Amino acid sequence: MPDNGAFLWDWFWELRQAQPPGLSGPVPIPNIELSAWCQLTGNIIRREELAILRIMDARFCIEIEKESEAIRAREATT
């Protein structure tokens, strides 16, 4: 993460920590959670930053699901 975008990385993990896991893996951060987080922290998110956070979150969910599938496949062969 470039230095000038490090705050987005921090924001992403703050939002993710508050997100409970779904029954079949991570779920995307809902808009209501983003809104509540902004109100609680006083952070103001620009449209571009929101788009980046959404992309980060989608990628996170995809990668965790891939890892979960790999674990299930390894467990099935043992």
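Residues numbered from 1 in each chain as written. Predicted model: local features only at pLDDT ≥ 70, side-chain atom pairs only at ≥ 80, totals over all residues. Heavy atoms only, no water.

A. The arrangement of the state of the cysteines in detail. Following the criterion strictly, the structure yields zero disulfides and no others. The thiol of Cys-61 is not disulfide-bonded; the next cysteine sulfur, from Cys-38, is found 18 Å away. (Disulfide = S-S within 2.5 Å.)

B. Geometry of the packing of helix H1 (residues 6-17) against helix H2 (residues 31-41). At their nearest, the axes of H1 and H2 sit 11 Å apart, and the two run at 115° to each other. By the criterion of interaxial angle, the relationship of H1 to H2 is roughly perpendicular. Of the two elements, H1 crosses H2, and the hand of that crossing is right-handed. The segment H1 lies against H2, with Trp-11, Glu-14 and Leu-15 engaging Glu-33, Leu-34, Trp-37 and Thr-41. When the residues that make up the contact of H1 with H2 are grouped by side-chain class, the tally is four nonpolar, one polar and two charged. (Axes fitted to C-alpha atoms, helices over the stretch in contact; angles between N-to-C directions. Helix = DSSP H or I, 4+ residues; strand = E, 2+ residues; numbered from the N terminus. Parallel < 35°, antiparallel > 145°, perpendicular 65-115°, else oblique. Left-handed = near helix turned anticlockwise from the far one by under 90°. Contact = heavy atoms within 4.5 Å. Nonpolar A, V, L, I, M, F, W, Y, C, P; charged D, E, K, R; others polar.)

C. How the structure looks around the packing of aromatic side chains. Taken as a whole and judged by the stated rule, the model has seven aromatic pairs. Seen from their ring centres, Trp-13 and Phe-60 are 5.6 Å apart, and the 90° between their planes marks the pair as edge-to-face. Of this pair, Trp-13 sits in helix H1 while Phe-60 sits in helix H3 (residues 47-76), and the two are 47 residues apart along the sequence. The exposure class of Trp-13 is partly exposed, given its relative accessible area of 33%. Grouped by ring-pair contacts, the aromatic residues Trp-9, Phe-12, Trp-13 and Phe-60 constitute a single cluster. (Phe/Tyr/Trp six-rings, centres within 6.5 Å; stacked < 30°, edge-to-face > 60°. Buried < 20%, exposed > 50% of the residue type's maximum accessible area, 1.4 Å probe, protein only.)

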